[in-house]
Amino acid sequence: MADETTSAPNEPVNEYEREPVPERARLGFKSFIGQYAGEHTAGTELMIGPLFVASGVAAFDLVIGLLIGNLLAVLSWTFLTAPIATKARMTLYFQLEKICGRKLVTLYNLANGVMFCFLAGSMITVSATAVGVWFHFPMPGLNDLYPNSLGWVLAVLAVGTMVAVVAAYGYTFVARIANYAAPWMTLVFFAFGLVGLREFLNATGTTINSAGDFWHLCQTAIWKGGAPLPGQVKFTFWHVMFFSWFCNMAMHVGMSDLSVFRYAKKSWYGLATSSGMFLGHYFAWIAASILYALQLHRDAANTDVLPGPLAYNAAGVAGLICVIIAGWTTANPTIYRAGLAFQAIFPKSSRYKVTLITGLIVAAFGMFPAVAMKLLGFVALYGLILMPMGAVIFVDFYLIPKFGLTPYYAEKSGTSINWAAAIAWFATLGIATWLVQTGRTQIFFVSLPGWFIAAALYLVVSKLYQQKLSPRPATAASLAS
Amino acid sequence: MKTVAQIISWIALLGTLAPAIAYLAGSLSLDAVKTWMLVSTILWFVTVPIWMGRPDQG
């Protein structure tokens, strides 16, 4: 998504990190379809689908919960993120800096970058499980937290280094690779599901003559419900719905994808995320869950969630290539986002170098399977931590002017920290942590009330706080935005 | 050249999914599915860079 025409080959390109995206650099609908399909048909889908099964999910809860949750995610991108992105046309970080001030946004960028690193690390973890099938080194189990063999460490390092180098070359190159892989990868995931279904029919001796027969198989053999595996949280319909809605909460409600949709010509391009949510998340999670359910059906003691072996058993070498590429094409934009976050902390440093270093840190994180094996809880935590700032951006953009207050307050007042935003962020996280720790709600649900708490806090505290400082005249940059 | 590559790419995509459908229908072995999927994968990645990735026209 960069303007490469003005840059030399292999040099960092101008990606409008501190200016609105000009009209000439804006992209069409198809670019976002390909990007989201590739990004959300990822290696981690091969973890999430099995973890649903490990959480004792039932057929109706999975199929309908995912349908509604993913629809809510698409609507969140379309009606929350994309409209602001196509009006302001700034990166998340630059927009936050104007609202929150340099110091607070630095802290946010650090938190954001670190969370992205953990997430990308889990994607590298997934890709490395495919390497393990080829080289036969011991791989982590469902409850492992630390690397368990030298082969595992070397595999993660090799995959991680490759991903880091590619991510550093810039968004356009990464998007092109993702576009190459996306259609093929989606079909391989479909193939996983179809092969898994046939294997289930063979293993159970079932004959399908009607939709009723098929649904009976789903309920009694694939997604049977009941107790979760040891160490896992029981997933109901509500868990599935909220998880699939908030799985990418940092990106839609949390506004991280302002950085992506600032390139969109129209705000309705947010609907392009449906390629990722339905071709990717919906079908990919279902397909992956079928493969893991089959593994448990054959050997209930084999609870390992290893995408490499799961894919290899279903589709051979093509399946392994899919796992590697799926992890890679998703880790790339995640590392890119982390690089943007860190570069916002060090704006004078080259994005190329920052992204490369970030990628190497990600590779180190990827050696630890803890995040990947606890991915459901981690993803919910990741959304929760970043979500309050999405509420701050939403309120600052739509409500603050309506209440006679000053938007982009930090920039206009010259303050380095907007305490209204800081209090909204920290107090929301404090309240959410208290709600979860005291057992009043689970982490999968707390982000919804959390968003309203953050929005209300930002508005109320801004009303009190902005009266204490006199805004400076608006700068040219703020007027341009 | 691009058109030829594009046609081969579409055939490769078909070859990625069709074997799994045939396996579900019981008309192909799992080993054959794996072989066809690998061949299709190679074809896809060899041909797709020839035509995909041109500047977006919106």
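Since we're looking at a predicted model, the values are computed, not measured. (Residues numbered from 1 in each chain as written. Chains lettered and ligands numbered in written order. Predicted model: local features only at pLDDT ≥ 70, side-chain atom pairs only at ≥ 80, totals over all residues.)

Draft legend 1. How the structure looks around the environment of Tyr-93 of chain A. Residue and element names in this part refer to chain A. Its place among the elements puts Tyr-93 in helix 4 (residues 92–100). Using a count of 27 C-beta atoms within 10 Å as the deciding quantity, one classes Tyr-93 as buried. Taking the C-alpha atoms as reference points, Tyr-93 and Ser-413, separated by 320 residues in sequence, lie 18 Å from one another. Among residues more than four places away in sequence, those in contact with Tyr-93 are Val-105, Asn-109, Leu-340, Ala-341 and Ala-344. (Helix = DSSP H or I, 4+ residues; strand = E, 2+ residues; numbered from the N terminus. Buried ≥ 20, exposed ≤ 12 C-beta atoms within 10 Å, placed from the backbone. Contact = placed C-beta atoms within 7 Å.)

Draft legend 2. Looking closely at the nonpolar core. Residue and element names in this part refer to chain A. In this structure, Phe-192, Ala-311 and Tyr-458 are the most contacted members of the largest nonpolar core, which totals 186 residues. The leading source of residues in this core is helix 12 (residues 307–345), at 22 residues. Excluding anything up to four places from it in sequence, Ala-311 contacts Leu-46, Ala-130, Phe-192, Gly-319, Leu-320, Cys-322 and Val-323. (Core = buried A, V, L, I, M, F, W, Y, C linked by C-beta atoms within 7 Å.)

Draft legend 3. Examining helix 18 (residues 447–465) of chain A more closely. Residues and elements named next belong to chain A. Between its first and last C-alpha atoms helix 18 spans 25 Å; for 19 residues at 1.5 Å apiece the expected length is 27 Å, and the two agree. Listed in full, the buried residues belonging to helix 18 are Ser-447, Gly-450, Trp-451, Ile-453, Ala-454, Ala-455, Leu-457, Tyr-458, Leu-459, Ser-462 and Tyr-465. In this structure, the buried residues of helix 18 make contact with helix 9 (237–246), helix 15 (375–399) and helix 17 (419–437). (Expected span 1.5 Å × (residues − 1).)

Draft legend 4. View of the packing of helix 3 (residues 59–88) of chain A against helix 9 of chain A. Residues and elements named next belong to chain A. In contact at an axis separation of 7 Å, helix 3 and helix 9 are set at 30° when each is read in the N-to-C sense. Between helix 3 and helix 9, the angle is such that the two are roughly parallel. The two elements helix 3 and helix 9 meet at a crossing, and its hand is right-handed. Two secondary-structure elements touch here, helix 3 through Asp-61, Leu-62, Ile-64, Gly-65, Leu-66, Ile-68, Gly-69, Asn-70, Leu-72 and Ala-73 and helix 9 through Phe-237, Val-240, Met-241, Phe-242, Phe-243, Ser-244 and Trp-245. When grouped by side-chain class, the residues that make up the contact of helix 3 with helix 9 number 12 nonpolar, four polar and one charged. (Axes fitted to C-alpha atoms, helices over the stretch in contact; angles between N-to-C directions. Parallel < 35°, antiparallel > 145°, perpendicular 65-115°, else oblique. Left-handed = near helix turned anticlockwise from the far one by under 90°. Nonpolar A, V, L, I, M, F, W, Y, C, P; charged D, E, K, R; others polar.)

Draft legend 5. Region of interest: the interface of chain A and chain B. Taken together, the 23 residues of chain A in the interface contact 20 residues of chain B. The set of elements that each furnish at least two residues to the side of chain A that touches chain B consists of helix 1 (29–39), helix 7 (171–204) and helix 12 of chain A. No other element matches helix 7 of chain A, which puts 13 residues into the side of chain A that touches chain B. Residues that form the side of chain A that touches chain B fall into these classes: 15 nonpolar, four polar and four charged.

Draft legend 6. The environment of Tyr-312 of chain A, seen in detail. Residues and elements named next belong to chain A. Relative to the elements of secondary structure, Tyr-312 occurs in helix 12. Judged by the 22 C-beta atoms lying within 10 Å of it, Tyr-312 falls in the buried class. In sequence terms Tyr-312 and Cys-322 are 10 residues apart; their C-alpha atoms lie 9.5 Å from each other. In contact with Tyr-312, not counting residues within four places along its chain, are Val-133, Gly-319 and Leu-320.

Draft legend 7. Main features of the confidence of the model for chain A. Residue and element names in this part refer to chain A. Scored by pLDDT, chain A comes out at a mean of 88, with 93% of its residues at no less than 70. Within the model, the stretch residues 1–13 combines pLDDT values under 50 with 24 contacts to residues more than four positions away or in other chains. Within the model, the stretch residues 474–481 combines pLDDT values under 50 with 11 contacts to residues more than four positions away or in other chains. (pLDDT = per-residue confidence, 0-100.)

Draft legend 8. Up close: the confidence of the model for chain B. Of all residues in chain B, 90% attain a pLDDT of 70 or more, and the chain-wide mean is 90. We note a pTM of 0.87 for the whole complex and an ipTM of 0.93 for its interfaces.

Draft legend 9. Just unusual backbone geometry, in detail. Residue and element names in this part refer to chain A. At Arg-89, a residue that is not glycine, the phi angle is positive and equals roughly 55°. Here Arg-89 shows up in the loop between helix 3 and helix 4. By C-beta crowding, Arg-89 is classed as buried, having 24 other C-beta atoms within 10 Å. At Tyr-408, a residue that is not glycine, the phi angle is positive and equals roughly 45°. Structurally, Tyr-408 can be placed in the loop between helix 15 and helix 16 (409–413).

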